[in-house]
Each structure stands twice: as structure tokens, then as C-alpha cells.
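Residue-level listing of the chains:
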Amino acid sequence: MLDRPDRLGAPDPASAGLPDDDGINGGVRRSIRHESAHKHVAGSAPYTDDIPVPANCLHLALGLSQRSHAVIRSMDLSAVRAARGVIAVLTAADVPGVNDASPIAGDDPLFAEECVFFHGQPLFVVAATDRRAARQATKLAKVEYEDRPAILTIDEALAQNSHVSDMKRLQRGDPMPILAEASHRLSGRLEIGGQDHLYLEGQVSLAMPGEDGGITVLCSSQHPTEVQHNVAKVLALPDAAVTVEVRRMGGGFGGKETQPAIFAAIAALVASKTGRAAKIRLDRDDDMAITGKRHETRIDYDVGFDDRGRILALDVVQALRCGYSLDLSNAIADRAMFHADNAYYLPAVRIRSYRCRTHTVSNTAFRGFGGPQGMMGIERIIHRIAHHLNLDPLAVRNANLYAQAPRNVTPYGMEVGEAVLLRLMQELAARADYAKRNKTVDAFNAKCGVFRKGLALTPVKFGISFTTTHLNQAGALVHVYTDGSVHLNHGGTEMGQGLFVKVAQVVAETFCIDIERIMVSATSTGKVPNTSATAASSSSDLNGMAARSAALAIRARLTKFAAELYQAEPDDVQWLPNRIVVRGEEMGWDMLIKQAYLARNSLSSTGYYATPAIQYDAANMRGRPFYYFAHGAAVSEVTVDSLTGEYRIDRVDILHDVGKSLNPAIDLGQIEGGFIQGAGWLTMEELWWDRQGRLRTHAPSTYKIPTASDRPAIMNIDLWDAAGDHAETIFRSKAVGEPPLMLAISVFEALQEAVASFASTPEQIVWLNAPATPEAVLMAIESAKRAAMT
Amino acid sequence: MMQSRSTIRFWHRGAIRSLGNIDPIHTVLEWLREDEGLTGSKEGCAEGDCGTCTALMAWLENGELIVRPVNTCIVLLPMLDGSALFTVEDLADESGTLHPVQQAMVDAHGSQCGFCTPGIVMALAGLYHQTREPSRQQILDQLAGNLCRCTGYGPIVEAATMMGRLDPTRSIIPTNLADELSFLQDDQCLQGSGPDGEWFAPATIDDLSLLLEAHSDATIVAGATDVGLWVTKQLLTFERLIFLHRISDLRSVQTTDAGLEIGAMATYASARSALAGFAPALDELIRRFGSEQVRSFGTIGGNIANGSPIGDMPPALIAANAQLRLRSAEGDRVIALEDFFIDYGKQDRHPGEFVEAVVLPRPGTGWALHVHKLSKRFDQDISAVCGAFALTIVDGLVRDARIVFGGMAAIPRRALATETALIGELWNEDTVWAAMGVLEREFEPMTDQRGGADYRRIAARNLLWKVWLDTTDDAAAMSLSRQSSDFVDA
């Protein structure tokens, strides 16, 4: 299927040869390989930087601020302009429209104007005949700064009342009097580091000038529509004059939701000014200096609980480092609040959220979108309760899970419909032999050796939908050509998550034809307009439904046509694999299409979908922001070297709920990949800024993401065979993009258990902050050892 | 005067290619993507850390054909001379049938976004060339230089275990390649001038001496695993570059009466087995040194001559009492390796001199080397602390101790006070405890992105206890630096 991969090699045994149960190749629920798998391995799948550029294409590089917060006294670019190969140097003064590439607030200038607000902020762009010349020329700028005090940390931002938006509060009942009277009460603080996306393909855009001042941009973006809007805004063009196309990304993870817009807009600006194509491809170091990351977050908590560890009341303060501008920080911080409960019922709760403005990169979407930080808080709280009461943390988790009414309503007033997690966790604990291994770990640690172990089981409950309700819509475009081949297009983008193959499966299933007949195509604002970002895990849900609706519209016309042809009723038309049968008369798909065309039927349709049932009062944070919840749980076992702080994840067991999977192979890939990415966030991935606000971990040489040997040797991943009835999603499948990342909290908790083994009393336990680098683990162990000696 | 030519010659896609008028800082990746339109190899980091640009290169070492994965983003074009280059475009056969490595990746669902995939496929093709039945450790080591942000690696490791079984008969290396390459070897000095300056790639030590005598300010390029970053990251230009890769006499690794002599241009890959034979601890250190790609080009001499305070090899070599042989047109000069490092960015290399060889003297009875490297990630990471402990223990008595740390000062530095606390004492817990107290106070390391000062101090101290355990307690002497089943109840 799809770009003729079978010419390249043997058919995938999972997808070809064997017919499905329903008789077509590549329907839903099948482990079909990624639509570009053959091209990936052959090196023939073009990414934006691989597309041949038009003649005379200019190559761009950015001049970046060398200060975190300063007034620009002067900027002398004469040497830059005079450098070899330089064709143009543009600054804020050259922007014909609005100097902004932000998603919402109008506060992300393409180029700094009077002031710089973070180290690495773009000041100007150099367009040159080759990329090296452009990059070298940027070094020749003479910029005079007048430093202003820089706010770099959450502490400094809170102290100086520096916020990107107002504090937000989500409250149920009044926890304060309950806290005062609770038989047990604990308070504490958890600091959680950020995370760089480290998509392997960096930010890249190619802009080409077109007719009537129009622009076409090819780029690596999860949100072509937002790129379109920003390019139009910058160039003072109508949206209709800008076309943005994305065939595939080399990874996104949220880092290509809002972040590509500025680079696309800069390339478009150069193309517009010079009349030449312009390509910008960031060097990795510049990419990491300029683009936003996962929000570093601080959680302060005060919790009251009973003798069984059941939470009675909770007061939480979340403070997120948003960076210099708003970006999506409000929605991200909201989601941190929505997931401050993770899977647990909080009878009386107050959650306050501070969105701190700092002179650092503007933090942005990253897989989980605030949810991971919210969950880390409550899992820490549960863990502390367990040690305080000398209970198994799993028992405390189980005691607090959402259950029957009245313990089935979230702090924002949404009913947790199916309380599947208790069953899922029990099943996982049995499969992973949790109880026995827990005893083994205790016995291992009781020997007080150099090595210590930790074991932890943690759940994930993740809300699926954009919490900005209007974003929950999608469009698709399906053409059937007269030879019976199908062109499929929709508003979702492919970043490796397998969206294109899943939606193709949906269309194959709907037409009851082999998936080989369906060609997927690049996402383009010219084909499907007004799309939402490929984000929030919801793209299969949204685009799958939209594509199905388009296919159903065509199918309805074909049914009507066939009924008329055979002088039968529409109900008499049976759709069988690659053919229809009407009262015993059979007609193949190709012939049906040809005849329908000759009889003058439209064989093209748009499709549209808007998620039903969600209803949410954003001002008061109440209602049903999510269509449904995705669930999962993981058990992780770690071994720690107490002399060095080094550790290994020995074994992981995962049970995850994807509803009725559209494609089990793709879903398992998302679960494993998300887990390892989450484990990286909480262990080795450390963003390190110096006191001048410069990011010093700005490339893979210094910023370490997991490599092959960091994946645990034993990793058992199973899909939860969801028995319960749940929301009417596309073929009853569930979103899978983000939730598995948070399963990795089990790794952090297991490391914490290993560290806790050095304490002889709960008070002596040193509680880790994230990331739990070997340094953090060693320092915690040393501190616990000292406490135990005194 | 020496004979010269100005055209580089290498084997690519079935033919000998000759390129003249090259820019010596044009990278192989840029040449592939921009000049040849072969866009299968990707740029992910341009510093040899992510592996998306991985290709295979083949060359002759002592007449033997070596096939190795390399990071094309930091291989400079002159370094192709005399070699063969294979990229992802070369794997499928003429009919388009995928190579078993590729097919295994498809079957195992080993790609998601696909951007790292060509590099992964090439790294695995290198492994396939070596063995059809790789061990799990071989697979993990081969992949250590290839980052994947999507899959979590499980399907890729699975593909690596499957590939040899799918079809064990494929080879992308032509049978006559060694012959073809041997025709490309000559003693002429390769030289040219690029947009920013001139460059030389001599084939003999004598020519190198002459060149350096004439151009003592020239930048010397060994494996370019560091200089490559001066090009791609610092955007430096060079008035004069001298490449050493063609000088086979600098690549020798031999055991002499004096000990083990390692030519400055011996790569980590080629010197590994000899160094492992000298001291087993060096094998594990080299396994974690960079990645397979970095070890293909990274040289022992380069890691010394660039004077990095965080190079992993100097501490171990200094602990082993290595001597450094420097050469110039005036002759040889031998110094203790530890004296070569004067201060941050400053080494005892006279104008016109180059590092010729390192000599590790034959150790005496009771000598053993212990090396412990600490970093945020086990594989392909730069050390926060790297400790090398060479102890000579005879009849329970510490006769000699040479303890050297990287990451604790501006240069690799000996822990002299700690050595003093050990020498002449019984090797027992009391001695080690006392020495640990000394060690904890001996250095004033700095805080940076790799680790805080306190962590470095405490970790360095604890490493001495790990050495004690190495010598006394098999169970506690285990290291987590490799995946092991010892800690797992499956």
C-alpha cells in the first residue's frame, strides 16, 4: 500500500497475504506496519530538508541574544551584511505585518525589538548563498546591551510577582479545617525539571514565493494551520494566500506544535523580501537555545489522611516556569491542575497554579502537556503517606483510587465513568508478581549491601480532549479516482506516531477495500482548512472520525447508485471485501467506481467531526473537559549502586488501556517509546542553566536522552483487554500518544524506594527531586547515611 | 621536496571517485546531501552524538580490510581518501530488495518517525557485516551511538537479533574491495587549498615532520572527532590543516621490551584489544568511550594532544605511568604523560612537534589497574568523574599507587596525597578509609552541567572504596555499567 512499498521488498507478514477476519487487507485492529516503514529503512522518505530546493534558494541563520534580559543599546550589522555570500540581513524593522509568531498572546516576536528577554532570542536573520556562510556571518554582529536584572528561577519569579497570567484556583470543599483536624498530616515540596524534546529532526522550513504575493511553506510542524496564520500575520497577507504543507516530521512530541511558526515566518519573510526561496534549518545547539521545553515545575503540598492512608484533604500549589512569554502555558498549567489527582479521589482539595514568567525560553507543549507534572505531585504525596504509615505504597494507591459514587467525581466535577484502574492494577500486580518481588526486594535491601533495589507500581489516568473545547474538531478529504484508487487527506500530521496508517485503516474498513488502494498524502492547509494541532493524543480520534465521515458520505452515494442500478433498495446493497453484492449480483469495487462515475456521481467528499459531550466552564474550571480517560499502569524495578548513585532499570511490566486498538503494533510502539521518553525525563535528562541564564546542556553531547542500553532488559507490555463500555470513539479505540509517558513515574518511585532503604525512620528518608540523576541519587543516599549515623 | 597530488580518491557506489578543489572542512555528510543529492543520511546534531548520519567506511589497516560505522557529520572530506564509503542508499540490491537489516527493521516495527532510521540501519549493517549472531551486549554497544527518540529501542534490538536469520548471505562489500583500495594507497602528500586556507594529508612521518617544521602553526587533524566540532559548531576557519589519517606508521600498536607502544593515530577500535590485554579495566573504559562510530576515528593520540580536561584516556594512561613520545624535525623527545598537561588548554608541545606514540611500561608483579567512570548516562557520555587507580600490592602491602582523576581539575590530575596515604600501608579497610578521607579533601572540582563540586568530591572518594571492593568482594565488585541479569529475577 501507500507509495508502493512492496516494490522494495517482501510484504510485511502482518499486513499482506493473510486476509483479515473481515476479508480485507489492512482493516482496523490489525498490526499494519507504519505507512512509510520501507521508505524509512531505505532512506527514501523525504523530510523537509531532503526536498530539492528551487534554484537560487537562500539559506538562513539567526543572530541570537547573548543576554537573558537587556535593553539593546545598538546593533551594528554592517560586517554581517558585508560577509561572503550574504544576500540579505533582516530585523524587526523589515516585518511588513505584525512582528509576532505566537499562538495566542502576541508576545513571541520574530526578532527582538528594544529588549531581549532570554539568552538565545533571535535578533536578526542572515540570508546567504550557503548555510555555512549564513552561520558564520551571524558571528560578526556588534550588539551593545544594557543589562537588566534577569529572573531565572521559579523562586525569583514568585518573589517578584512575575507571571505570564493570573494565578488560577481549582477547589472542592474547604480542605483547610479538615487538614487542621486530620489525624495525620504531611507537607513538603517536589521540584521537577523540564525536558527538551530532542526530536532527531530539528526545526526546518522552506518558504517559496508564489503568485500575487502568496507564499508556500514546507515545514516540519504539528500545526500547519497555526504556521499559516502566523506567516499571513507577519507578511500582512490573507490566510488564503499562504499554503503550508507537512508530509512528515522526524519527531515532534509537542516541540513542533507552536515552535515551528517563528522559523516558518522568518523563512517566509526572507522569501517575500527577496523573491527567492529561503530555507532555515537550525543547528541543534541553536534549536535547543531558542525553542521551548517541558515546564520545570515546583509542587508544594499539605495533605491530611486517615490511618489507612486515605486522603481526606489536600492543598497543593503548583508553580510552573513558563519562560518569557505565554505560549500555551495556560492550557498546560490547567492540565497540570486537572491531573493533580492522577487516579485518586480527593474529597476536599484546593489547587493553586502559578504561571511564572522568567527570562528563559518560553516553555511549551511536551507529550503529557502538564499532566506529568500534576501526577508527579500526587504520586509523591501517596508515597510519603505510605512511608509515614509504614504501608505498602500500592495499598495506599489502591485505597485512594476513584471508586463508586460518591468517590467517583474529579475536583473539576467530571464523573470518572469506568473505574477500571483497580482491576487493571490488580491484573498487572498479578502478572508482574508484584507481591512476591516486593518481598524479594525488601530481603535484598535488608542485607545492607552496596546495591539496593526499588520496586514501584503506579497508575495513569489521562484525560483525552483538548481542554480548549473548540479545538476538538477535525476535517478530512477523500477522493476516489476512476480506477478505484483512493486519495486520503486529513488535518492530522504524521510525526512517527502512525496516525496516517491508522486513518488509512479506518478508510479501508469503511469502504471495505484493501488498504493498498489508499494513498495517504501530505497535510496541507490547501486541502483541509482550519485544523487543530496534531496534539492532545486525540488525532486518531478526531481525524479518524472525520475521514470515516468523508468515506461514509461517498459510500452512501455509492450505495444509492448501486441500489438504483439493480433496482433494489439501499438496504439490499451488501458491502463485502473489495466488492458489493446486491440481491445476488456481484460487482467489484473498481467496476462500481467506474460505473458510478459514468452515471455522474461525486466520488469526492470532505468529512468533519466535532467531539460530542464535552462541556467545560473554563472560568470556573468545572464541567467535562474530557471526552474520556485513558488508563494504564506500570511496575518498575531498579537497582542502585550506593557508592556512585548509578542505577539501572532492571525490569518493567506495563498494562495499558487503548480500548479496542486500531493497530496493536503501533500502539505498543507508542507505549514503549512514551515510557522510555518519560524515564529519560525523570532520570538522566537534565537541563542545566548557568547563572547568566545560558542553557549549558544544549546538544546531545551534554543533554543525555536514553540510549539502547538504558531500556530495561526485561520489558513486558500488554494491552488491557478493556471489558467495560466506554465512549463512542473511532471503532472504540482509545488515544495512546501521551498517557504512556507517565507510566515512567514508576521508575522515579522505584528509585525513591531504593534511596528510602537507607533510612531507618520515615523522617530520615531523603525525598528526591526530578530528574533523579546519578548525582541526585548519590547525594540523597549520602545524606540519608549521615542522618542514620547521627 | 615531497611528491604531491591534489585530488582525493575514494571508492563510492561501485566506482573510484576523484574529487579536486575540495574544501577541506566540507563534511562527508554535506558532500553526500548537498553535492550528491543522497539525502538518506541525516543531520541530527552535527557533533557525532546522535548517529543519524551514520555510514560505513572501509579502509586498509596493515593490509586488512576494516569496515566500520562512522559519523559522516564530523568526517572531513580529505579523510575519505583511500577509503570506501557506503550509505543507506547502498543497502538494497539492484532489484530493490531490502537488505535483511532493513527488512528486519520493517518486520519488527523498528521505525516510527524514521529520521534516526537510516543511521540505525547503517550501524546494524556494520554489525551484520561482523556477525550474523550478535550477542545482546554486541547489539547494545553497536547502537550506543544511535539515538532514537520514538521507539524506546525494543523493536530495534529485536530487529538486530532477527537480521542474521532473515538472510545470512548478503554483503554490500564487494569481494575485490581490498584490491581496489590498495590501488589508492600511495606515499604522495595530498595537498590543496580551500576557500579559507591550504591543507595537507601526508602519508609518511618524514613528510609530516617537514610540513610541521615549515608550518608550526598548522592545525593537526587526527580523527576529527573533536576538530569536526570546531568546524560544525564553532564555525572556525583554518589557514592551514594537516591531516594525519594517511600515515600508517603512526597507527602501529606493538609490544616491545619497553612495554606496549601505541602509535598516536591508533584508533580506539584498533587499539582496544591490545589495551585490554595490558589491563582488562581499559576494555570496559574503551567500550564506554564515545560510541562505535567515535571509536572508528577517535585516536589515542588525539585524545591526549587536544588537552581536554575531560578526556577519559589520559587518567588511565597516566595511572599506568605512560610515557609520551613527541617528534619534530629535530628528533624525538620523551616525557611522562602527566607532564604534558600543564594547565587548561595548555600542553607541553613545542612548535613543530607532534605526538608520535604513547608507551605503557611493562607492569611489575602485583600491579593492577582499576578504572571507574561516572556520567549521567552509561553509554556515550562524557565523564563527570573518571578515576584511574593503578595499585601494586605485594603480600598485602601497597608497594605503589598511582591515582589519577579526570573531571576533578582543569587537567587530568594525580591524587598525590592519596597515593602517599596508601603507599607502604597494608591494603585493608582501615588504610582505604583513611585514604578516602584524604581523597575527599584533595581536589577542588568545579560545578558545571556534568555535576556539582560536592558530588564530584564524594563520588571520587567512594570510587576508592569501589576499588577496595574490586579487590576483595566479588559480589559487591559488580558494576551497573553493563546490563546484567545478575540483578534481575525474571
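Residues numbered from 1 in each chain as written. Chains lettered and ligands numbered in written order. Predicted model: local features only at pLDDT ≥ 70, side-chain atom pairs only at ≥ 80, totals over all residues.

A few points about the overall build of chain A
Selection rule: What counts as a helix is a DSSP run of H or I of at least four residues, what counts as a strand is a run of E of at least two, and both are numbered from the N terminus. Only C-alpha atoms enter the radius of gyration; for comparison, a globular chain is expected to reach 2.2 Å times N to the power 0.38, where N is the number of residues. Neighbour density around each residue's C-beta defines its exposure: 20 or more other C-beta atoms within 10 Å make it buried, 12 or fewer make it exposed, and counts between make it partly exposed, where C-beta atoms are placed from the backbone. By definition, residues are in contact whenever their C-beta atoms, placed on the basis of the backbone, come within 7 Å of each other.
Summing up its helical and strand segments, chain A has 19 helices and 29 strands in all. Relative to the 2.2 N^0.38 estimate, which gives 28 Å for 790 residues, the radius of gyration of chain A is 27 Å and therefore close to what a compact globule would have. Once the C-alpha set of chain A is aligned to its principal axes, its extents read approximately 90 × 75 × 50 Å. Within chain A, the fraction of its 790 residues that count as buried is 64%. A separation threshold of at least 6 residues defines the contact pool for chain A, and within that pool the share at least 24 residues apart is 80%.

Description of the overall build of chain B
Secondary structure summary: chain B contains 17 helices and 21 strands in total. Oriented by its inertia axes, the alpha-carbon framework of chain B measures out at about 70 × 65 × 40 Å. Residues classed as buried in chain B amount to 57% of the 490 residues present.

Section: the nonpolar core
All names here are of chain A. Test applied: Note on terminology: a nonpolar core is a set of buried residues of type Ala, Val, Leu, Ile, Met, Phe, Trp, Tyr or Cys, with members joined through C-beta atoms within 7 Å.
In terms of nonpolar packing, the biggest core is built from 417 residues, with Leu60, Ala267, Ala268, Val507 and Leu751 touching the most fellow members. Considering each element in turn, this core owes the most residues, eleven residues, to helix H7 (residues 260–274). If we skip the residues at most four places from it in the chain, Ala268 touches Ala207, Ile215, Val217, Val231, Val234 and Leu235.

Some points on the packing of helix H14 (residues 499–511) of chain A against helix H15 (residues 539–565) of chain A
Residue and element names in this part refer to chain A. What counts is decided by this rule: For every element, the axis is a line fit to its C-alpha atoms; helices are fit only across the contacting stretch, and the angle between N-to-C directions ranges from 0 to 180 degrees. Angle categories are assigned with fixed cut-offs, so that under 35 degrees is roughly parallel, over 145 is roughly antiparallel, 65 to 115 is roughly perpendicular, and the rest are oblique. Handedness of a crossing follows from how the near helix is turned relative to the far one, being left-handed for an anticlockwise turn of less than a right angle and right-handed for a clockwise one. Polarity classes work like this: nonpolar for Ala, Val, Leu, Ile, Met, Phe, Trp, Tyr, Cys and Pro, charged for Asp, Glu, Lys and Arg, and polar for all others, with Gly in that last group.
Contact geometry for H14 and H15: axes closest at 9 Å, N-to-C directions at 30 degrees. Here H14 lies roughly parallel to H15, going by the angle between them. Regarding H14 and H15, the two cross each other, and that crossing is right-handed. From H14, Leu499, Lys502, Val503, Val506, Val507, Thr510 and Phe511 reach across to H15, where they touch Ser539, Ser540, Asn543, Gly544, Ala547, Arg548, Ala551, Leu552 and Arg555. A breakdown of the residues in the contact of H14 with H15 according to their chemical character gives eight nonpolar, five polar and three charged.

Structural notes on the interface of chain B and chain A
The interface of chain B with chain A comprises 70 residues on the first partner and 81 residues on the second. Residue assignment for the side of chain B that touches chain A shows that the elements contributing at least two residues are helix H2 (100–107), helix H3 (117–130), helix H4 (136–143), helix H5 (154–166) and helix H17 (453–472) of chain B. In terms of residue class, the side of chain B that touches chain A is built from 35 nonpolar, 22 polar and 13 charged.

What to know about the pairing of strand S3 (residues 15–19) of chain B
Residue and element names in this part refer to chain B. So the rule is basically this: Strands are labelled as partners when DSSP assigns at least two bridges between them.
Note that strand S2 (residues 8–12) and S3 share five bridges and pair antiparallel. Within S3, the position partnered with Trp11 by the bridge is Ile16. Between S2 and S3, which follow one another and run antiparallel, lie two residues, and Arg13 among them has a positive phi close to 55 degrees.

Let's talk about the sheet that holds strand S3 (residues 86–90) of chain A
Where strands meet in a sheet, backbone hydrogen bonds hold them as pairs that are either parallel or antiparallel. Residues and elements named next belong to chain A. The eight strands are arranged S3-S5-S1-S12-S9-S10-S11-S20 in an open sheet whose pairing can be described as mixed. The open sheet is flanked by S3 and strand S20 (523–524), the only strands paired with a single partner. In this structure, strand S10 (residues 215–219) lies alongside strand S11 (residues 242–246), joined through four bridges in parallel fashion. By the bridge assignment for S11, Leu218 is matched with Glu245. Contacting S10, S11 and S20, helix H6 (residues 224–235) crosses the sheet at an angle of about 145 degrees to S11. On the sheet, H7 packs against strand S1 (58–64), S3, strand S5 (122–128), strand S9 (204–209), S10 and strand S12 (278–281) and is oriented at approximately 30 degrees with respect to S9.

Observations concerning the packing of H2 of chain B against H3 of chain B
Residues and elements named next belong to chain B. Interhelical geometry of H2 versus H3 gives an angle of 125 degrees and a closest axis separation of 9 Å. By the angle class used here, H2 and H3 are oblique. When you trace H2 past H3, the crossing you get is right-handed. Note on element contacts: H3 touches H2 through Thr117, Val121, Leu124, Ala125 and Tyr128, opposite Pro100, Val101, Gln102 and Met105. For the contact of H2 with H3, a count of residues per class yields seven nonpolar, two polar and no charged.

A closer look at the confidence of the model for chain A
Rules: You can read pLDDT as the predictor saying how much it trusts each residue, on a scale of 0 to 100.
Mean pLDDT over chain A: 95, with 97% of residues reaching 70 or higher. In this model residues 1–20 of chain A is a low-confidence stretch, pLDDT under 50, and it forms 45 contacts with partners more than four residues away in sequence or in other chains.

A look at the environment of Ala105 of chain A
All names here are of chain A. Tracing the backbone shows Ala105 in the loop between S3 and strand S4 (115–116). On a C-alpha basis, the gap between Ala105 and Val349 in space is 31 Å, while along the polypeptide they are 244 residues apart. Look past the residues within four positions of Ala105 in its chain and what remains in contact with it is Ser325 and Leu326.

Remarks on the pairing of strand S17 (residues 473–480) of chain A
Residue and element names in this part refer to chain A. Summarising burial for S17: six of the eight residues are buried, a large majority. When S17 meets strand S24 (residues 604–610), the two strands line up antiparallel, connected through seven bridges. By the bridge assignment for S24, Leu477 is matched with Thr606. Pairing analysis gives five bridges linking S17 to strand S18 (residues 486–490), with the strands arranged antiparallel. When the bridges of S18 are listed, Val480 appears paired with Val486. Hairpin connection between S17 and S18: a loop of five residues separates the two successive antiparallel strands, and Gly484 in this loop has a positive phi of roughly 90 degrees.

Looking at unusual backbone geometry
Note that the residue after Ala405 of chain A, namely Pro406 of chain A, is joined by a cis bond; omega there is 5 degrees. Structurally, the position occupied by Pro406 of chain A is in the loop between helix H11 (393–400) and helix H12 (421–431). Of note, the bond from Ala770 of chain A into Pro771 of chain A is cis; its omega dihedral lies within 30 degrees of zero at 0 degrees. As for its placement among the helices and strands, Pro771 of chain A is situated in the loop between helix H18 (745–756) and helix H19 (774–789). One non-glycine residue, Leu235 of chain B, lies in positive phi territory at about 55 degrees. Assignment of secondary structure puts Leu235 of chain B in the loop between helix H8 (227–232) and strand S10 (240–243). Note on Leu235 of chain B: 16 C-beta atoms within 10 Å, which makes it partly exposed.

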